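Notes for the structure review
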Amino acid sequence: MWAPSEPIPRINTASGARGWRNRHGRYRLVGTVCGACEAVHFPARRICPSCRSADLAEKPLSRTGKVVCAAEDHSPLVGHGGRPVRPFAIIELDNGPSVLAELVDVRTVTPGQRVELVIRKWRRESNGLYEYGYKFRELP
Amino acid sequence: MTGLISAGVAVPATRIALADILRAWRNVPEQVVRRLGVGGRAVPGPDVDTITLAAEAAQRALTSRVDAVFLGTQTNPYATRSAAAIVADMLGLSPHVFVTDLQCADKSGTAALLSAIAWVSSGLGERALAIGADTLALHAAPGDPFEYTAGAGAAAFVVGAEDGAATVVRAASAATDTPDRYRLDGERHIRGTGSAMTATGVGLEQHVKLAFGRLGVAAEEVGHLAVSQPDAATPARIAKVLGVPGESTGAGLVADRIGDAGSASALLSLARVLDRAGSGDTVVLLSYGAGASSDAVLMRATGNAIGSGTDRELDRAISVDYPTAVRYERRYAGHERLTGTYE
Ligand SMILES: [Zn+2]
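Here the structure is a predicted model, which means the values were calculated and not measured.

**Focus on the sheet that holds strand E5 (residues 86–93) of chain A**
The strands making up a sheet associate through backbone hydrogen bonding, with each pair oriented either parallel or antiparallel. Strand order in the open sheet formed by five strands is E6-E5-E4-E7-E8 (chain A), with antiparallel pairing between adjacent strands. Each edge of the sheet is formed by a strand with only one pairing partner; in this case those strands are strand E6 (98–102) and strand E8 (130–138) of chain A. Each adjacent strand pair in this sheet contributes to an overall mean axis angle of 30°, direction not counted. Inspection of the sheet shows strand E7 (residues 114–124) of chain A paired to E8(A) by nine bridges, in the antiparallel sense. Each residue of the ladder has a partner; that of Lys121(A), found in E8(A), is Tyr132(A). Lying on the sheet, helix H3 (residues 50–61) of chain B is in contact with E7 and E8 of chain A; it crosses E7(A) at an angle near 155°.

Next up, the structure:
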């Protein structure tokens, strides 16, 4: 095995099992939709926060949306040292709730900008596995 | 009839000009670097690896259900886990899917495509996804001449039992023990075995000739040659070796903007060709993998553009300087250090 020169952080990230259970949310924005009040949630819930119903079904949200507002993160979380400054945005998805996500491959971020989901590495978990998840990039 | 139905590609947007690498190292004569014909090469971002590139390309290629995923790569971040299984889950495919990784140096991508073609032709399944993906940039030693061109990228094709954008006519391959470029288990960097083996390209010329020679197509009939491109000068050189028309390499040229995309190289080239090939055009896909082996696939374009958007991905370029590339590609190993929540 080649040394990936990417230190395994010696902090407690989410357990491998938890990371595994929420992977559909990380990869494809799978949230839940309430059978009683039709509210859409992300991340997925077990109980609807609006009406307390447990009648929830999984639903992949839209992979595209638009930037509502953006900010820059100057203190990188563990595993993100490669980019000293990371743009973040609240993204209003085309068919559902808004998500807070990192933007990649952008020069300037303006509200209203159309973006699409791309899967990127989030970090390395404390057990050594790579954790992948959604980020967004500009749509042409 | 087996054909290529849809395609998608992914290339890191961040690129470095070869002149910047030369300014940092000054270890190769300027005219030698210029002769490669590569303006800039792809720099995978700190959050990009073979799996993310493969997932991006596959997502763009996927227009229908597939029952198999073949992923060809020589730079899987995991030594044992199947990258194809991870990508299949990322795509949200049904777990009733056949997956496998293929490793055959730079021809892993065409090996995956040929496996998908065989899967469909044999009737084992109806549609298969073939992906070639690599991040060679992470495996080039600092100061090695390979660092100038080692890039990254991915290309994916859906293969099915219909005509699509191109129908497969015939395939031929070649392989011998020719050690020209390799990476041993436990090592990070890809090595060359010296000028006698690498600079002369003896393996490359022999194997593409052997594979192409068995296709049974007259050299002058080749309309488009989609070929592995360690640099932008190689396609013209291979065309000359094979005697195919020089202009047949034009539509498939990708290395001039992204460098060596490894096992994605020939497939990226094919995607760009099938975005513009005319009805009835003779298309030859030709790969070379160090070590050494070649695949050749003869195809007939139907004139339906495959719509891979390869040009759009190639044009999406953000220049970075050498220090940034060093940080992104983790060229210097840092301390194993105790960290808090923030770095
Ligand atoms: Zn509810």
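**Quick notes on the pairing of strand E2 (residues 14–17) of chain B**
Residues and elements named next belong to chain B. Relative to strand E14 (residues 318–319), E2 runs parallel, the two sharing two bridges. Across the sheet, residue Arg 15 finds its bridge partner in E14, namely Ser 319. Two elements, E2 and strand E3 (residues 40–42), share three bridges in a ladder whose sense is antiparallel. Note on E3: the bridge partner recorded for Ile 16 is Arg 41.

**Overview of the domain arrangement of chain B**
Residue and element names in this part refer to chain B. Domain annotation for chain B reports domain 1 (3–165 + 307–331) and domain 2 (169–301). Here the C-alpha centroids of domain 1 and domain 2 sit 16 Å apart. Taken together, the 55 residues of domain 1 in the interface contact 44 residues of domain 2. Contact between domain 1 and domain 2 buries roughly 3700 Å² in total, counting both sides, with carbon and sulfur atoms accounting for 57%. When the buried surface of domain 1 facing domain 2 is broken down by residue, Asp 106, Lys 107 and His 139 rank first, second and third, together holding 16% of it. In this structure, the connection of domain 1 to domain 2 is made through six salt bridges. Asp 311 is the salt-bridge partner of Arg 257, the closest N and O atoms lying 3.5 Å from each other. The tally of links between domain 1 and domain 2 comes to 30 residue pairs in polar contact (both at pLDDT 80 or more). Of all the secondary structure elements, the ones that give two or more residues to the side of domain 1 that touches domain 2 are strand E1 (3–10), E3, helix H5 (108–121), strand E6 (127–135), strand E7 (152–160) and helix H10 (310–315). Class assignment for the residues of the side of domain 1 that touches domain 2 results in 26 nonpolar, 19 polar and 10 charged.

**Here's the deal with the environment of Glu205(B)**
Residue and element names in this part refer to chain B. Relative to the assigned elements, Glu 205 resides in helix H6 (residues 202–213). Along the sequence, Glu 205 and Val 241 sit 36 residues apart, while their C-alpha atoms lie 7.0 Å from each other. Within the local environment of Glu 205, its side chain forms a polar contact with the side chain of Arg 237, the two groups lying 3.4 Å apart.

**Some thoughts on the environment of Ala85(B)**
For Ala85(B), the location among the structural elements is in helix H4 (residues 83–90). Considered as a pair, Ala85(B) and Phe70(B) are 15 residues apart in the sequence and their alpha carbons are 9.4 Å apart.

**Quick word on the sheet that holds strand E2 (residues 40–41) of chain A**
All names here are of chain A. Read from one edge of the open sheet, three strands run E2-E1-E3, paired in antiparallel fashion. Edge positions in the sheet fall to E2 and strand E3 (56–60), since each has one partner strand and no second. Two elements, strand E1 (residues 30–34) and E2, share two bridges in a ladder whose sense is antiparallel. What sits directly across from Thr 32, in E2, is His 41.

**A few points about the packing of H6(B) against helix H7 (residues 234–242) of chain B**
Residue and element names in this part refer to chain B. Packing of H6 against H7 brings their axes to within 10 Å, and their N-to-C directions diverge by 55°. Comparing their axes, H7 and H6 come out oblique. As for the relative orientation of H6 and H7, their crossing is right-handed in sense. Here H6 contributes Leu 204, Glu 205, Val 208, Lys 209 and Phe 212 to the contact with H7, which in turn contributes Thr 234, Arg 237, Ile 238, Val 241 and Leu 242.

About the criteria used
Residues numbered from 1 in each chain as written. Chains lettered and ligands numbered in written order. Predicted model: local features only at pLDDT ≥ 70, side-chain atom pairs only at ≥ 80, totals over all residues. Heavy atoms only, no water. Pairing = 2+ DSSP bridges. Helix = DSSP H or I, 4+ residues; strand = E, 2+ residues; numbered from the N terminus. Axes fitted to C-alpha atoms, helices over the stretch in contact; angles between N-to-C directions. Contact = heavy atoms within 4.5 Å. Domains from an automatic or database assignment. Buried area = accessible area lost by both parts, 1.4 Å probe. Salt bridge = Lys/Arg side-chain N within 4 Å of Asp/Glu carboxyl O. Polar contact = N/O pair within 3.5 Å; in protein donor to acceptor, adjacent residues only side chain to side chain. Nonpolar A, V, L, I, M, F, W, Y, C, P; charged D, E, K, R; others polar. Parallel < 35°, antiparallel > 145°, perpendicular 65-115°, else oblique. Left-handed = near helix turned anticlockwise from the far one by under 90°.

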